[in-house]
Amino acid sequence: MPRDPRFDILFQPLKIGPVTAPNRFWQVPHCTGMGFALPATLAAMRGVKAEGGWGVVNTEYCSIHPSSDDTPAPYASLWDEGDIANMAAMAEAVHAHGALAGVELWHGGWRAGNILSREAPLGPESMLAETVPWQSQRMDRQDIRALRDWHRAAALRAKAADFDVVYVYAAHTYLLTQFLDPSTNPRADEYGGSFAARSRLIRELVEETREVVGDRCAVAIRIEVTDEDGSGGEERARVLADLAPLVDVFDVTIPDYGTEMGPSRFVKEAALEGHIAHVRAATGKPVVAVGRFTSPETMLSQVRRGILDFIGAARPSIADPFLPAKIREGRFEDIRECIGCNICYAHDGLGAPIRCTQNPTMGEEWRRGWHPERVPALKRSDDPVLIVGAGPAGLEAALTLGRRGATVMLAEASEEPGGRVNREARLPGLSEWARVRDWRLSQLRQMANVSLYPASPMSAEDVLATEAPHVMVATGSLWRADGRGRSHPRPVPTFADPRTITPDRLLEGERPANGPVVIFDDEGYHIGAGLADLLAGEEHEVTYVTPFGTVADWTGYTVEQARLQARLIERGVRIVTSHIVTALAPSAAHLSCAYSARECRVPCGAFVPVTSREPQDSLWQALKDRGLATLTRIGDARAPGLIAHAVHDGHRFAREFLTPEAQAVRRERVILGG
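Structural notes, computed from the coordinates. (Residues numbered from 1 in each chain as written. Predicted model: local features only at pLDDT ≥ 70, side-chain atom pairs only at ≥ 80, totals over all residues. Heavy atoms only, no water.)

**Examining unusual backbone geometry**
Negative phi values dominate among residues other than glycine, just as trans dominates among peptide bonds.
Okay, step 1: Residue Pro 72 follows Thr 71 across a cis peptide bond; omega there is 15°.
Okay, step 2: Relative to the assigned elements, Pro 72 resides in the loop between strand 4 (56-63) and strand 5 (76-77).
Okay, step 3: At the junction of Gly 515 and Pro 516, the peptide bond is cis and its omega measures out at -5° in the coordinates.
Okay, step 4: Position of Pro 516 among the secondary structure elements: in the loop between helix 19 (503-507) and strand 19 (517-521).
Okay, step 5: At Ser 578, a residue that is not glycine, the phi angle is positive and equals roughly 60°. (Helix = DSSP H or I, 4+ residues; strand = E, 2+ residues; numbered from the N terminus.)

**Brief notes about helix 15 (residues 392-404)**
Okay, step 1: Between its terminal C-alpha atoms helix 15 stretches 18 Å, which fits the 18 Å expected from 13 residues at 1.5 Å a residue.
Okay, step 2: Most of helix 15 is tucked away: 12 of the 13 residues are buried.
Okay, step 3: Within helix 15 the residues assigned to the buried category are Pro 392, Ala 393, Gly 394, Leu 395, Glu 396, Ala 397, Ala 398, Leu 399, Thr 400, Leu 401, Gly 402 and Arg 404.
Okay, step 4: Immediately downstream of helix 15, the backbone of Gly 405 shows phi near 100°, a positive value. (Expected span 1.5 Å × (residues − 1). Buried < 20%, exposed > 50% of the residue type's maximum accessible area, 1.4 Å probe, protein only.)

**Let's talk about the pairing of strand 11 (residues 249-253)**
Okay, step 1: With five of five residues buried, strand 11 is to be regarded as a mostly interior element.
Okay, step 2: Burial along strand 11 is two-sided: the face carrying Val 249, Asp 251 and Thr 253 and the face carrying Phe 250 and Val 252 are both buried.
Okay, step 3: As paired strands, strand 10 (residues 218-224) and strand 11 are joined by five bridges and run parallel to one another. Opposite Ala 220, over in strand 11, you have Val 249 as the bridge partner.
Okay, step 4: Across two bridges, the pairing between strand 11 and strand 12 (residues 287-289) is parallel. (Pairing = 2+ DSSP bridges.)

**Digging into the environment of Val 545**
Okay, step 1: Its place among the elements puts Val 545 in strand 20 (residues 542-545).
Okay, step 2: Among the residues examined, Val 545 registers a relative accessible area of 0% and is labelled buried.
Okay, step 3: Distance in space between the C-alpha atoms of Val 545 and Ala 281 is 51 Å, their sequence separation being 264 residues.
Okay, step 4: Leave out the neighbours within four places in its chain, and Val 545 touches Val 518, Ile 519, Phe 520, Asp 521, Val 576, His 579, Ile 580, Val 581 and Leu 591. (Contact = heavy atoms within 4.5 Å.)

**Description of the nonpolar core**
Okay, step 1: Counting residues in hydrophobic clusters, the biggest one holds 94 residues, and the most contacted among them are Trp 26, Ile 221 and Phe 250.
Okay, step 2: Leaving out residues up to four positions away in the same chain, Trp 26 has contacts with Ile 16, Trp 54, Val 56, Asn 58, Val 165, Tyr 167, Val 249, Val 288, Phe 310, Ile 311, Gly 312 and Ala 313.
Okay, step 3: Ranked by size, the runner-up nonpolar core spans 36 residues in total, among them Leu 427, Leu 506, Ala 536 and Val 573. (Core = buried A, V, L, I, M, F, W, Y, C linked by side-chain atoms within 4.5 Å.)

The structure is reproduced here in structure tokens:
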């Protein structure tokens, strides 16, 4: 389909200093969970984005010196000659597709605990370093001079590694922000006090970066438009204007990371516009900002109205590395839209390479050789494949096998495909999660070799009657009613009570007849808190109990925890943390403190255990030893997990189907003497 000419502006080149961006799609610096330890993994992933049409592809935060060490979080580095070689691999992979490569030079200040390097953290003041019980060194003039030398040297290394864009990083509460913000800079010398003095260090680094790389590299700055408390907008606008003659691109954001990186549960597309719309007029220079942009119309509007010159993206470029190419080719329906679940960010926080619910190939480009748009054709595709279950694993497996050329029959017991996605997307704020289902269904409709059969429950005899020699069982999992989970490895006898309602039943529309409703969240991700939000919003009296110290503890990794807890407080939910539901009694639930074992009771008219799930694998069990050529269980039927796990599992087994060589996995690590 030809591209609508209205979108031509998104593909116009734009000169930024001494280089020219080929289009208006800018993958902003974002964490990867790869860092300096996995340079080949990193280069392959960034290279795929460039192949997909992102005109500028940046690194994650890149440390300039051992005094900026964010261990255990993975980060890039430009400390020495070895780093130049590793970072050059990324630049080369990006350049291979005609894109510009950018690097974000970073010093963490007291936000870096320097656990690996054992250097003292640095800062404008001696303050507790983040997440550790030790403090930073108060920087004197000699320390500041050393910092400037380190930054200059790192900029030169970036140039040697063949980067085209070099960032000065003055955002996200790292060192330069600590100097700039009055709440963190109490100094009375030439680097503290007035706004001009607090911004002095930033200006010096911008000037020196331009001096050493400006002949060949564009100089960018990542900076917030207000102070941490939301004030200071006018002063910040003045510093942006003052820096404009030295800066080629302004990458602007706000201090509220929960909005900038906001999950779709709370934050929708283009959320920063009202905060940053003035920057282009204030600076007269190209501006980039993020907004979890997934709609081509929204992107076009941002550029046509002069809000942005470049569409900044992290998560949308992860969900679909080929988003720009699909817009260029007029294939809007093929865009794999980000759902805003923040599973990518969560895995970086866990110290592992990022992954994506929508894009199962993310992080697997080098390790498994996966590509988001290409799969190897089957060497023989005559025999049909039957997939039982059209949840996230089944849909992804059908799509991937269909692309490989297989004849696929996809049977779904219910009338509506989607499985658990249908249920979880009914929770407050999670409607965008339905994109996992909708995108795959839209792709399957284009495939003549894939047939979907809804309202088709399958017994073992039904499966055998199809005469399909290859069967994948993707029948999902259901929440247990018996309480088995982290706190109770065996069933709790008193949970076998008419008051007990599983999360699946609630999400299918059943409601408790009596209250209060006690929700026991032993899992710690989003379901328990989401159900509390749902029921409280329907005016049920709700008590939320968890053995963790906070509501939905694991959602701290997905930038949802604080807002989820605030939401439940606003809804009037009674929150009982650090407690375990040990038994049900008439009209009450017995609780035990997770630390002291001290017992108490809470009123209970209905009980929802969110503890663990039971794989629905009885069909797989029944089909064993029945003469099938291949029989596989995938997704939650194999091992209940995140939706991202189910999608990845479906993709993996479809790629590996009848292809033993596809099972190879490379490991990237140091081998002594190698």
